Protein chains: 2
Amino acid sequence: SNLSKIAKKPPGSSADASHEVSNRQKLFITDPISPGSIFFLPNGTKIFNKLIQFMKLQQQFKYGFKEVVTPLIYRKSLWEQSGHWDNYKEDMFRVEGHDTSKEEYGLKPMNCPGHCMVFKRFDRSYSELPLRLSDFSPLHRNEASGALSGLTRVRKFHQDDGHIFCTPDQVESEIAKCLKLVDMCYTKVFPLSPELANEVYTLELSTRPEHFIGDVKVWDYAETVLKNILNKFGKPWELNEADGAFYGPKIDIKVTDHTGKYHQVATIQLDFQLPERFDLKYKDRDNTYKRPIMIHRAVFGSVERFMAILIDSNHGKWPFWLNPRQAMIIPVNTKRQGQVDACKDLFLKLRGQGNENSTDPIPLNSFHFNADLDERPEPVGYRIKDALMKNYSYLIIIGDKEVETGRYAIRTREDRQLEHLTDDEIFNKFRELEKHYK
Amino acid sequence: SNLSKIAKKPPGSSADASHEVSNRQKLFITDPISPGSIFFLPNGTKIFNKLIQFMKLQQQFKYGFKEVVTPLIYRKSLWEQSGHWDNYKEDMFRVEGHDTSKEEYGLKPMNCPGHCMVFKRFDRSYSELPLRLSDFSPLHRNEASGALSGLTRVRKFHQDDGHIFCTPDQVESEIAKCLKLVDMCYTKVFPLSPELANEVYTLELSTRPEHFIGDVKVWDYAETVLKNILNKFGKPWELNEADGAFYGPKIDIKVTDHTGKYHQVATIQLDFQLPERFDLKYKDRDNTYKRPIMIHRAVFGSVERFMAILIDSNHGKWPFWLNPRQAMIIPVNTKRQGQVDACKDLFLKLRGQGNENSTDPIPLNSFHFNADLDERPEPVGYRIKDALMKNYSYLIIIGDKEVETGRYAIRTREDRQLEHLTDDEIFNKFRELEKHYK
Ligand SMILES: [Zn+2]
Ligand SMILES: [Zn+2]
């Protein structure tokens, strides 16, 4: 396989890198008051929200997912039915009220059983399938406290989670669609190692393990389907014999970063068990009830861990659209009121800042850039250097000449070359970058 | 006071109305597997997300809030420090791991202590104040199961929560800003009873209760500040003598719906206690450390309850921007391929549906309307009636003449009058409505 060309390194601890960048950019903190739960600070929240916004748009308007918001705590009986209480109990948090009833709940470690409840509630017809549900709920898993670290080993996290309920006939095309979204993400929007071109991510198929449930024939069929899909997809893939989940075979996707390290991100799992355990069924064309197949899939995997992978590869040099520090505006001479005023006007324009005294609301889907203004009484060279240190994507420098012409000097983080643009041109440039995830 | 003109009715049970509308529009379900937690179905999730998106934009780009994402479970010691373990224990859920450590956590019923942790982590300067944090975390309160009902009495809910840390000098202007946001919401964006004009919401000031903590002088000062603000604000307000929280006085905002029923929504509370309990401080201009004041505020209050209020007043006739059923596209004759094709093209255009085979991502901040297509082989009159029953905001009807001219017949839910618009004109019309929350 072509994969041998990549010097695979085991995933190293990216905790140091993300802590260093986080401290510098104020992205997140952790605290013993809630071990393994991230406090996202305003800058980290911006990145977190943008990643989720990107994924929701792709899922919903390109791949037919419907978003749901489901409960976080469920009675013990749900987890008994799903099998988690038997197989996953140690990793779950128990919840109970203080009142006398002492009802016992489990804090959800995954969304699947909740989505089965949504499927089951209505009389489902074949015409509703494939039914694709997505969910960005917070999930909790009781990782050992010694293993907790930064964004990578956490107890609370969010997945870009989705479950597809479909007929056996639909499995192939549904998984092909999942792979297309994975491919778009990792080659186009988040290329962690552009120089690797075709090999920025790898595919692995894990087949029937020693301990499994269900019918060997169904397993064989499903594995053949997955192999066909992978072969048609045309990228190299590897076989992990007997490494599937006990409920079905799966495809794991690992991205390779610029250092050659690989990270598990996306996963696509076939599941014959949960539909059985929850007695899910749909009415087929022939009016008989049949069992749907369930596909679990995530593209980022854990959004928190995906942020750690991004930080590990960019060291805080975020692409413009994700950067909580998109532009620093710098008046050359902070004593020149004309310069400072022009800077302030541009600052308000780029932030799309509304007037709190107007009763007009800020419009839906409007653009608001993370622009800052450095009018400290320090030499301009010092302030430019400081903005570069802080990883601003763009520096906009306004002196007398710029005020006079209305064309402001703008440069990127990487290139000293100055362009001169009007405020509208800057806004439109930024809008195009953000719109297209650049 | 002018308020006597409004025939105040006590808040009735809106559970029936919201269940009826929810069943018809598939907004949400509840289930004994998680009593008091809402399962938002895809249509309900759309409304829920839009409300939050609206509020985030106003808070962040008009009123200077910074969003954070904070943990859901905290060690018991946090709740002891905040006073919740003593005063609020019965309403909280306990959480613990299954492992031997048996660490004891509380599932958060409110965001305030988590925000205090964020404030406290950094050495804060007067120049950072007012610091305004917002948070849309799920909250859990263990309401008695007998009291649970629909969207109004729940155990899991989301607040449009915010905490302002400020100096005593800043209290007045900060609260005035909160009132401006409240006013914009309830008079401009969500007018529940337009005919009441100035009296769509009422303001109530609750003052020092019998049992209180802190210094009477500080209370007196704070109450005077609040009275001054209310008087300056110019709307009628009522005094609820001795009805404040034990930690500070508050302003409650109640909206009146079209039936005359009033509902508590927004609240603005001054708090001298939590900053004390968490020993919060900032470095002032004179280099001494001082105690900030904390303001708790929410405009919707519980997003779930606010949805119930909206449903109760609109009975499923959502304004366009919130409607999960914005437009139904209907070919006059479903056997005419030209009509069906034109309908499908319009459907894809209004949904902003991307091609799953293209590697171009769906752009950020793009518009995607909830358009549906009814090509069932039923008489056109039947399908029009059905779409009206389902509360679609617009009906777009395409016959041979429309296909020929490229101008489609469009009418509103309320008015039979047809307009003839091109696909671009329809898209732009919808975009303007949605942008401006119409
Ligand atoms: Zn799953
Ligand atoms: Zn609070």
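Looking at an unreviewed UniProt entry, chain A carries the name threonine--tRNA ligase, with the source organism given as Zygosaccharomyces rouxii. Listed under Subcellular location (unreviewed entry) in UniProt, the entry text for chain A is "Mitochondrion matrix". According to its UniProt record, chain A has this under Sequence similarities (unreviewed entry): "Belongs to the class-II aminoacyl-tRNA synthetase family."

Engineer: Kindly report on the coordination of the zinc ion (ligand 1), identifying the contributing residues and their values.
Structural biologist: Residue and element names in this part refer to chain A. The protein atoms that coordinate the zinc ion (ligand 1) are Cys112 (SG), His163 (NE2) and His296 (ND1), at distances spanning 2.0 to 2.4 Å. Counting along the primary sequence, the residues that act as donors to the zinc ion (ligand 1) give the motif C-x50-H-x132-H. One end of the pair, His163, is in strand β10 (residues 156-166); the other, His296, is in strand β17 (residues 293-302), with 133 residues separating them in the sequence. Pair check on accessibility: His163 and His296 agree, each one buried.

Engineer: Mind laying out the interface of chain B and chain A, listing which residues take part and the relevant values?
Structural biologist: The parts lose accessible area when they come together, and the size of an interface is often stated as this lost area. Residue-level contacts link 89 residues of chain B with 90 residues of chain A. In total, about 8,200 Å² of surface goes out of reach between chain B and chain A, with carbon and sulfur atoms giving 59% of it. Between the two partners, chain B and chain A, sit ten salt bridges. For the salt bridge of Arg121 of chain B with Asp31 of chain A, the shortest nitrogen-to-oxygen distance reads 3.2 Å. If you look at where chain B meets chain A, you find 51 residue pairs in polar contact (both at pLDDT 80 or more).

Engineer: Can you explain the pattern of salt bridges? Please cite residues and give values.
Structural biologist: Following the criterion strictly, the structure yields 75 salt bridges over all chains and no others. Across the salt bridge formed by Glu104 of chain A and Arg94 of chain A, the nearest N and O atoms sit 2.5 Å from each other. In this pair, Glu104 of chain A is assigned in strand β6 (residues 104-107) and Arg94 of chain A in strand β5 (residues 93-97), connecting sequence segments ten residues apart. With a shortest N-O distance of 2.8 Å, Asp400 of chain A and Arg336 of chain A are connected by a salt bridge. Of the two residues, Asp400 of chain A is situated in helix α12 (residues 400-405) and Arg336 of chain A in the loop between β18 (327-331) and α10 (337-351); the sequence distance between them amounts to 64 residues. You can call Asp400 of chain A partly exposed: its relative accessible area is 39%. Residue Arg336 of chain A is classed as partly exposed on the basis of its relative accessible area of 41%. Through salt bridges that share partners, Lys76, Glu80, Arg94, Glu96 and Glu104 of chain A together with Lys76, Glu80, Arg94, Glu96 and Glu104 of chain B make up one connected network.

Engineer: Just give me the short version of the sheet that holds strand β18 (residues 327-331) of chain B, but keep the residues and values in it.
Structural biologist: The strands making up a sheet associate through backbone hydrogen bonding, with each pair oriented either parallel or antiparallel. Residues and elements named next belong to chain B. Pairing is mixed in the open sheet, where five strands are placed in the order β19-β18-β20-β21-β22. Of all the strands in the sheet, just β19 (371-373) and β22 (419-421) have a single pairing partner and so form its edges. Going from strand to strand, the sheet's axes swing by 30 degrees on average, the running direction of each strand aside. Note: β18 against strand β20 (residues 394-398), five bridges, orientation parallel.

Parameters at a glance
Residues numbered from 1 in each chain as written. Chains lettered and ligands numbered in written order. Predicted model: local features only at pLDDT ≥ 70, side-chain atom pairs only at ≥ 80, totals over all residues. Heavy atoms only, no water. UniProt positions renumbered as here; feature names shortened; annotations may be inferred. Donors = N, O, S within 2.8 Å, 3.2 Å for Na, K, Ca; no water. Helix = DSSP H or I, 4+ residues; strand = E, 2+ residues; numbered from the N terminus. Buried < 20%, exposed > 50% of the residue type's maximum accessible area, 1.4 Å probe, protein only. Contact = heavy atoms within 4.5 Å. Buried area = accessible area lost by both parts, 1.4 Å probe. Salt bridge = Lys/Arg side-chain N within 4 Å of Asp/Glu carboxyl O. Polar contact = N/O pair within 3.5 Å; in protein donor to acceptor, adjacent residues only side chain to side chain. Pairing = 2+ DSSP bridges. Axes fitted to C-alpha atoms, helices over the stretch in contact; angles between N-to-C directions.

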